[in-house]
Amino acid sequence: MKAAVTAVLGPTNTGKTHLAVERMCAHSSGIMGFPLRLLAREVYDRVVKLKGADSVALVTGEEKIVPPNARWHLCTVESMPEHDAAFVALDEAQLGTDAERGHVFTDRLLRRRGREETMILGSEALRPMIRTLVPDAEIIVRPRFSKLSYAGAKKISRLPKRSAIVAFSAEEVYAVAEMLRRLRGGAAVVMGALSPRTRNAQVAMFQAGEVDYLVATDAIGMGLNMDVAHVAFAGLSKFDGRRSRRLTVAEMAQIAGRAGRHQRDGTFGGVTEEGPGAFLPEEVFAIEEHRFPRIEQLYWRNGEPDYASIDALIASLERRPEPGVLLAAPQSTDLAVLKRLADEPWVRERARSPAMVKRLWAACGLPDFRKLGLDPHTRFVSRVFGYLSEGRGVVPNQWFADEVTRLDTIAGDVETIAGRIAAIRSWAYIAQRADWLADPAAGAERTQAIEERLSDGLHASLTQRFVDKRTTALIRQIGADASLLPVVIGAEGEVLVEDHAIGRLDGFRFTVDPQARATDRRLLLAAAERHLSGERRRRGEALVAAEDAALGIEGDALLWNGHRVAQLLPGPSLARPQLRLDRDLDCLAKPLREAVAARLARWLAAMLDRHVPALVALAEAARDPQATPSLRVVAGELEAAGGLVPRLAIYEPVDALTADERKRLRRIGITIGTLDLFDPRLLKPAAARWRQTLLGVRGRGAVLPREGATVLPRGGLGAQLATGFRPLAAQAVRVDLVERIARSAHDARQGRKPFAPDPALATSMGIAPATFERLMAELGFRTVPAHEDAPPAWVWRGRRPPRRAERPAPSPTGAFAALAAWSGHG
């Protein structure tokens, strides 16, 4: 009895695939070929529920689940096994018109038959091809269960719920999904490049109602079953691998037909009313009435190539079909790669036997999952074939392991993770070849585990990027009125809405959750600003009543409980900086803001009086109208320099000070040293930090040395006069220790007689001999010849004013004061 061949034709939503599955399961064995791995996986899961996992196989280029007793095989068209089966079905047979893969569908249409029954599923436009190529086939036309109608163009913001928006590039898919996230809380994403695991997770969100929108490529048109009420086209053009072109009416109908489910009607439309993205009236009529141009030709390539030699293989693949309805297929990627490798002498040298030619052709069939382009993909295939044609004839374990391990990370954005999934598919394809690895089972298990991990990561990344469950839930609950949002502030400053964190209140600054963007930010800010005013007022009152311990300073910023509340700016003098409240406090009422400013000013004055009282007193002395010009110059220079000035810089006004004025400076805390004028208290850690803060406000801060340091390497961290360390020879000595050595030396001398100072004091400080000698010279001593074995002797040279050329100019901050003093004006 001759096996029956049935062609089931009709538009989408006719249950053709469901019918084929029922027919297959009624036979003792069966094979079904699908255009997409995703669709094969979907039907596989359905058949497993009917027949059990032990009896059902899934065979794709990258994945094989083949139990020992498998009787029903669900496959991609390229992976359909050659063994005999009672039932064979080919889905979406009209794809024989596809320039890249069409010849595979045509070959299966012509050559694959079931022992008892063959079923061909496709568009009604395929009828002429069935009549010509399979004349004995019974044609059954199944009408659509529900009505499909045109709903016009709607902006994305006005699309009804349960809509699928179809775009034709990953970039456009992401852009539409991002827009829906901002406007409607999010969308699921479905693309042909997604792994089944990611696709299923995304569709599950849509089916469960967690999101109301789905953004997809035209992969949605290939029988993927989803509960979609409306299909909106983001555009009507696509790049088909060779050129950008407008969709055919049949392609439009294939995609639009996903709207509606079983007997529930569906609608389709666009997102633009005019231009190339708008439907033409004749296209709308054809889609609604299911009237499409008949398919008059299919692409064909020899399905039984000649493996006698490389040239014979190429010739057989380029053989043209007999005149008629079959067209020679355009050169596909696998043939292009083969031709490139055929030009390599080493490839021809190795592919001399039919078995090796067949192995070469198998390697050329490795798909370009990563879309690298012909040249990079050819290099990859060349390397794979190099390993397959030498030694043990397998891909080295180390190379395989290194490459898949490199991909085993979910760090990165959506595009990065999607790229890794595409890359791991290449290695999964290699692992699924029975003789390409030493241990293909282990390789397949490893690549599958990585793909699943990457798929989970991609699903999480897609959800994080394109789904804002918080905003979705809130919009559903209250609409777009942000004032109705129930805002709660947690103990750590987290701002919560319905237990969803929408941001943080740090001090007086509210920061929106960084995961919320654009429109979400405006919504959440509006909600927060309305409800946070009371909390900010409470915090302002708490700041006014705060203890000193709750306030602090970091750089030029004043802090309250670690939060920035004000900034120091240059004031009339170093010791009198200005205080400006942070902008975040502008939210407070004016009286409260003034009270906060007054509290901070009191704290600042108290801190300056406690830690740098000399600077405050010097500022007063510099402006004392009763003081002499000399005192005002010295006090002004000291205050401007932060309480530490080299004596040489103000030699003349210092010498002009009276005894009472020197006493006044000493009461302030200033030491008039031999080399420097300074306040020793400013060298203590807390005072030194405040001093550097005040200098930093005027842009003259320096890095402080480590706490407790007395002698530093010259040029080291903080080893400079501005921080209280005088550079001498190869070291820098703290100025108070310099003065102590100076006093010790002067106490030890007797007039101008030579003397030998006790070096114990300097040695105990860690001062090197060369440093000590340099210091003694700076202090006005000189060495004199000494007897052998006698310690160096020093003699006092006497004080002398520096020559004018030696006098440094007054510091910029003190220039006006010095000029005023020497001109006799206050």
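Residues numbered from 1 in each chain as written. Predicted model: local features only at pLDDT ≥ 70, side-chain atom pairs only at ≥ 80, totals over all residues. Heavy atoms only, no water.

I'd like to hear about helix α7 (residues 249-256), residue by residue, with values.
Owing to its 3.6 residues per turn, the α-helix aligns residues three or four sequence positions apart on the same side. Most of α7 sits inside the fold, with 6 of its 8 residues counted as buried. Among all positions of α7, only Val249, Met252, Ala253, Gln254, Ile255 and Ala256 are buried. Next to the buried residues of α7 lie β9 (148-153), β10 (163-166), β13 (230-233), β15 (244-246), β16 (266-270) and α8 (281-289). (Buried < 20%, exposed > 50% of the residue type's maximum accessible area, 1.4 Å probe, protein only. Helix = DSSP H or I, 4+ residues; strand = E, 2+ residues; numbered from the N terminus. Contact = heavy atoms within 4.5 Å.)

Outline the pairing of strand β26 (residues 576-581), supporting the account with residue identities and numerical values.
As a general feature of sheets, a regular strand has side chains that alternate between the two faces. Pairing of strand β25 (residues 563-573) with β26, which is carried by 5 bridges, proceeds in the antiparallel orientation. The residue of β26 that forms the bridge with Leu569 is Gln578. Hairpin connection from β25 to β26: 2 residues lie between these consecutive antiparallel strands. (Pairing = 2+ DSSP bridges.)

How would you sum up the sheet that holds strand β1 (residues 4-9)? Please name residues and give values.
Taken in spatial order, the 8 strands line up as β4-β3-β5-β2-β6-β7-β1-β8 in an open sheet, and their pairing is mixed. Sheet topology places β4 (64-65) and β8 (138-141) at the edges, where each strand pairs with a single neighbour. Across 6 bridges, the pairing between β1 and strand β7 (residues 117-122) is parallel. Looking at β7, one finds that Thr6 is bridged to Met119. The sheet strands contacting helix α1 (residues 16-25) are β1, β2 (30-34), β5 (72-76), β6 (87-90) and β7, and the helix crosses β7 at an angle near 170°. (Axes fitted to C-alpha atoms, helices over the stretch in contact; angles between N-to-C directions.)

Describe the confidence of the model for the chain, naming the residues involved and giving the relevant values.
Looking at the chain as a whole, the pLDDT averages 86, with 90% of positions reaching at least 70. Mean pLDDT per element in the chain: helix α28 (residues 815-822) is the minimum at 35, and β6 is the maximum at 97. Low pLDDT (under 50) marks residues 800-826, which in the prediction has 28 contacts with non-local residues, meaning those over four places away or in another chain. (pLDDT = per-residue confidence, 0-100.)

Got a sec to walk through the packing of helix α10 (residues 333-342) against helix α13 (residues 374-388)? Specific residues and values, please.
For any two helices packed against each other, the geometry is given by the interaxial angle and the distance between the axes. It is at 10 Å that the axes of α10 and α13 come closest, and there the two elements cross at 70°. Here α13 runs roughly perpendicular to α10, going by the angle between their axes. Note that α10 runs across α13; the crossing there is right-handed. Contacts between α10 and α13 pair Thr333, Ala336, Val337, Arg340 and Leu341 from the former with Leu374, Asp375, His377, Thr378, Val381 and Ser382 from the latter. Of the residues in the contact of α10 with α13, the class split is 5 nonpolar, 4 polar and 2 charged. (Parallel < 35°, antiparallel > 145°, perpendicular 65-115°, else oblique. Left-handed = near helix turned anticlockwise from the far one by under 90°. Nonpolar A, V, L, I, M, F, W, Y, C, P; charged D, E, K, R; others polar.)

Go over the nonpolar core, please, and point to the residues and values.
Core analysis: the largest hydrophobic core is formed by 65 residues, its most contacted members being Leu338, Leu360, Val384, Trp427 and Ile430. When residues in this core are grouped by element, the largest group, 9 residues, is from helix α15 (residues 414-432). Excluding anything up to four places from it in sequence, Leu338 contacts Leu313, Ile314, Leu317, Leu360, Trp361 and Cys364. With 48 residues, the next largest nonpolar core counts Phe508, Val596, Leu608 and Leu615 among its residues. (Core = buried A, V, L, I, M, F, W, Y, C linked by side-chain atoms within 4.5 Å.)

Residues and numbers for the environment of Leu326, please.
Examined against the element boundaries, Leu326 turns out to sit in strand β18 (residues 326-328). Residues Leu326 and Ala640, spaced 314 residues apart in sequence, show a C-alpha to C-alpha distance of 94 Å. Setting aside chain neighbours within four positions, we find Leu326 in contact with Thr106, Leu110, Leu133, Leu298, Trp300 and Pro321.

An account of the sheet that holds strand β30 (residues 711-713) is needed here, citing residue identities and associated values.
Taken together, the 3 strands give an open sheet; going across it, the order is β30-β32-β31, and neighbouring strands pair in antiparallel fashion. Each end of this open sheet is capped by a strand with a single partner; those strands are β30 and β31 (725-728). The sheet shows a mean angle of 30° between the axes of neighbouring strands, direction not considered. Here β30 pairs with strand β32 (residues 731-734) via 3 bridges, running antiparallel. Looking across to β32, one finds that Pro713 is bridged to Gln731. Those strands touched by helix α25 (residues 735-748) are β31 and β32, and its axis lies near 80° from that of β32. Packed onto the sheet, helix α27 (residues 769-778) meets β31 and β32 and runs at close to 105° relative to β31.

So what's going on with the packing of aromatic side chains? Residues and values would help.
Under the defined criterion, the tally for this structure stands at 15 aromatic pairs. Ring geometry for Phe380 against Trp427: centres 5.5 Å apart, planes inclined by 80°, an arrangement best described as edge-to-face. Separated by 47 residues along the polypeptide, Phe380 in helix α13 and Trp427 in helix α15 bring together distant segments of the chain. Note on Phe380: relative accessible area 11%, which makes it buried. Judged by its relative accessible area of 2%, Trp427 falls in the buried class. What links up through ring pairs into an aromatic cluster is the set Phe380, Tyr387, Trp399, Phe400 and Trp427. Over the ring of Phe206 we find Arg162, and its NZ or CZ is 3.8 Å from the ring centre. In this structure, Arg465 is placed above the aromatic ring of Tyr174, and the distance from its NZ or CZ to the ring centre is 5.1 Å. (Phe/Tyr/Trp six-rings, centres within 6.5 Å; stacked < 30°, edge-to-face > 60°. Lys NZ or Arg CZ within 6 Å of the ring centre and 35° of its normal.)

A description of a positive patch on the surface should follow, citing residues and the corresponding values.
Where like charges cluster on the molecular surface, the positive patch consists of Arg576, Arg623, Arg698 and Arg700. Take Arg700: it is sitting in the loop between α24 (685-697) and β30. For Arg700, a relative accessible area of 33% gives the class partly exposed. (Patch = residues over 30% accessible without salt bridge, like charges linked within 9 Å, V, L, I, M, F, W, Y side chains within 5 Å. Areas by Shrake-Rupley, 256 points an atom, 1.4 Å probe, with all protein chains shown as cover. Salt bridge = Lys/Arg side-chain N within 4 Å of Asp/Glu carboxyl O. Lys, Arg positive; Asp, Glu negative; His and termini not counted. Charge placed at Lys NZ, Arg CZ, Asp CG, Glu CD.)

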